[in-house]
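# Structure assessment
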Amino acid sequence: MSEVLLEVKNLKKHFPIRKGFIRRTAGYVRAVDGIDLTVYAGETLGVVGESGCGKSTMGRSLLRLVEPTSGQIHFQGKDIMKLSKSQMRDMRREMQIVFQDPYASLNPRYTIGQTLSEPMEIHHLHNSTARKQRVQSMLERVGLDPSYSSRFPHEFSGGQRQRIGIARALVLNPKLMILDEPVAALDVSVQSQVINLLEDLQQDFNLTYIFVAHDLSVVKHISNRILVMYLGRMMELASSNDLFADPLHPYTRALLSAVPIPNPRVKRERIILQGDLPSPANPPKGCVFHTRCPLAQDVCREKVPEWREAKHNHMVACHLV
Amino acid sequence: MANSVLNVESLNVEFNMEGNYFHAVRDVSFKIEPGETLGLVGESGCGKSVTSLALVRLLTQSARVTGKIEYQGKNLLDLPERDMRDIRGNEISMIFQEPMTSLNPVYKIGAQISETLLLHKDISPREAFQQSLEMLKKVGIPRPEDIMDEYPHQLSGGMRQRIMIAIAMACNPKLLIADEPTTALDVTIQAQILELMKGISKDLGTSILLITHDLGVVAEMCDRVAVMYAGQIVEQGSVDDIFFNPQHPYTRGLLNAIPKIDAEQKQRLQPIEGNVPPITRMPKGCRFSPRCMHASDRCRAQQPGFFQVDNAEHLSRCWLNEAKEA
């Protein structure tokens, strides 16, 4: 396999819950609770899970957009947790993010040209003519007319805005892109346009993607490997094909069986999970999934399962596998 | 068929925008048979939600609604508001996408279910309370006695949607209109809710009009499907017709655009290029023609009507099907 681009060890993000007049800390929401990951250059790592599982918080803490509580993040061999604020800012030239909501993530008072040249200004790249040229070529590259640079965000549709968001992330020529639900807000016909665009850009610019999403069909389509998260923890990690062909964790199985398949003749055994997600402020003891797991046994309620390689390149955290 | 639950004929909905009326829904016709689930699919802005609101007359006053919505021999569009109110929530009920906003935050769950019963049925508050409790059990709410006494904010999204279903089903309606009922929910919760809706429709024989953009949900739930694009139904047929013998280029485009979770090999997605035209600038001919690969001069100039495909139920609004019909 190719070189390691990003290595994450025991990453945690706990948000304090503050209560009362003096805002004392009454507890913690364990949004991300121990993530170990290796991301290889040029791959797409999909991260799936239900809302509240910590997938977005994880994506953001990798760039230190939310400051991790503890853990190590090595990017190209460098420990970025040790960087100062300004050093980290420089580092983000290499690591960019695209957000879910194309309506909220563009400044409505900036023209598209301003939005796209701002990152270059911050990083003191190029002079103003060269910046303009780069904006134009970037717009063209993401399938928009270069003349759009003088327009404002409200003049664009959701799909077009998402293309702008992608162009903004790309303009610095990063190595790693974190895509946080980039197509969730788009209609199917437009969603596929954006997915194809992301695939082309990855080829052309040799990008590495961390693709955070809840839509399993989309994640399967675009990812080489997939990480399944639940309540801030890792449940399973395997190659995309392997995960779908042979899911090992009971949660993964339930998740996959719940996806409606657009084929009326496919009849599947569906595993219906009972109940709702427990609160991440008060996660269950032992395996965090045991409260909804159809196979849970005594050991699951007491001991946290170990993260181990159950098959070649197929990691899972479950006592019963 | 004479005994359809609902028979919609050339429904038009127009909205006034800056002095001009524009069609949000144009010439929409469909029937819903007893016990069947009809899916209304399409992308945002295609008019599927406006259609559903028009059926129960919940659109704003400024909307101009014409056509015929026949329910038990009456045209709902001609009924006085009083009679409409007796039908709405009683014989035809609705659930909406946002379980967070469709419940009243200051009333307890028990009161909200009872309200529907008290309004439509001649029963005492005590009986209404008992029946509400029964409904909660039926929709699979754990600790129903406690939940009766709780407020919506104490419940999760999936639970709130169950409550909405309990309210909608309280009076045992003939038709349930479900507008994107699972879009705001996670997949595992979505699976629970779909299972519940299927069970209820089977047990009580309720017809469902299911409005969604998710073709997976359609395949799972529906008997027949109507595909909408830019305010019109472009294709209509049984679920097998739509998934295995799609005729309209838009239907085909939609099916090709979604990633297949059961695909062995990775295939490139085939998107539909371009965007849906805005309501104020609809193309003159076929509304899909600007995005259609097969569009001819005739498509751009002349609106196609419906052509029958292989059986009387399968209709496609495309000139390409004209030749096949003849």
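Residues numbered from 1 in each chain as written. Chains lettered and ligands numbered in written order. Predicted model: local features only at pLDDT ≥ 70, side-chain atom pairs only at ≥ 80, totals over all residues.

## What about the overall build of chain A?
- Along its length, chain A carries 10 helices and 12 strands.
- Along the first, second and third principal axes, the C-alpha set of chain A runs to 65 × 60 × 45 Å.
- Counting all 321 residues of chain A, 44% fall into the buried class.
- Here the contacts in chain A between residues at least 6 apart in sequence split such that 64% fall between residues at least 24 apart. (Helix = DSSP H or I, 4+ residues; strand = E, 2+ residues; numbered from the N terminus. Buried ≥ 20, exposed ≤ 12 C-beta atoms within 10 Å, placed from the backbone. Contact = placed C-beta atoms within 7 Å.)

## Looking at the sheet that holds strand S12 (residues 315-316) of chain B
Residue and element names in this part refer to chain B.
- The strand order across the open sheet formed by eight strands is S6-S7-S8-S3-S9-S10-S12-S11, and the pairing between neighbours is mixed. Strand pairing shows two members of the sheet lacking a second neighbour, strand S6 (92-95) and strand S11 (307-308), which therefore form its edges.
- With four bridges joining them, S6 and strand S7 (residues 175-179) adopt parallel strand pairing. Looking at S7, one finds that Ile92 is bridged to Leu175. (Pairing = 2+ DSSP bridges.)

## Observations regarding the UniProt feature "domain: ABC transporter" (unreviewed entry) in chain B
- The UniProt feature table records "domain: ABC transporter" (unreviewed entry) at residues 8-255 of chain B.
- In residues 8-255 of chain B, helix accounts for 39% and strand for 27%; the two terminal C-alpha atoms are 26 Å from one another. (UniProt positions renumbered as here; feature names shortened; annotations may be inferred.)

## A look at the interface of chain B and chain A
- With 35 residues of chain B in contact, the opposing surface of chain A contributes 30 residues.
- Examining the composition of the side of chain B that touches chain A, we find that six residues originate from one element, helix H7 (residues 187-204) of chain B, more than from any other.

## Things to note about the sheet that holds strand S8 (residues 208-212) of chain A
Residues and elements named next belong to chain A.
- Spatial strand order, S6-S7-S8-S3-S9-S10-S12-S11: eight strands in an open sheet with mixed pairing. Lying at the two open borders of the sheet, with one neighbouring strand each, are strand S6 (95-98) and strand S11 (308-311). Strand-to-strand twist in this sheet, taken as the mean axis angle between neighbours without regard to direction, amounts to 25°.
- For strand S7 (residues 176-180) and S8, the ladder comprises five bridges, and the chain directions are parallel. Bridge assignment links Met177 to a residue of S8, and that residue is Tyr209.
- The sheet contacts of helix H5 (residues 158-170) involve S6 and S7, and relative to S6 the element is tilted by about 175°. (Axes fitted to C-alpha atoms, helices over the stretch in contact; angles between N-to-C directions.)

## Some points on helix H4 (residues 125-138) of chain B
All names here are of chain B.
- Over its 14 residues, H4 extends 20 Å from the first C-alpha to the last, a length consistent with the 20 Å expected when each residue adds 1.5 Å.
- All of the buried residues along H4 are Ala128, Ser132, Met135 and Leu136. Looking straight down H4, one finds its buried side chains confined to an arc of 100°; they lie on one side.
- Considering only its buried residues, H4 is in contact with helix H3 (109-120), helix H5 (144-147) and helix H6 (157-169).
- Remark: Gly140 follows H4 within two positions and exhibits a positive phi of approximately 75°. (Expected span 1.5 Å × (residues − 1). Arc of directions from axis to C-beta.)

## Overview of the nonpolar core
- Within the largest apolar cluster, 177 residues are counted, with the highest numbers of intra-cluster contacts made by Phe211(A), Ala166(B) and Val227(B).
- Once residues within four sequence positions are removed from consideration, Ala166(B) is found in contact with Ile113(B), Met135(B), Leu136(B) and Val139(B). (Core = buried A, V, L, I, M, F, W, Y, C linked by C-beta atoms within 7 Å.)

## Considerations on unusual backbone geometry
- Within the chain, Arg64(A) stands out as a residue other than glycine whose phi angle is a positive 60°.
- Along the chain, the position of Arg64(A) falls in the loop between helix H1 (55-62) and strand S4 (70-75).
- Even without glycine at this site, Glu18(B) takes up a positive phi of about 50°.
- Turning to its location among the elements, Glu18(B) is positioned in the loop between strand S1 (6-17) and strand S2 (20-32).
- In this structure Glu18(B) comes out as exposed when scored by C-beta crowding, with 6 C-beta atoms within 10 Å.

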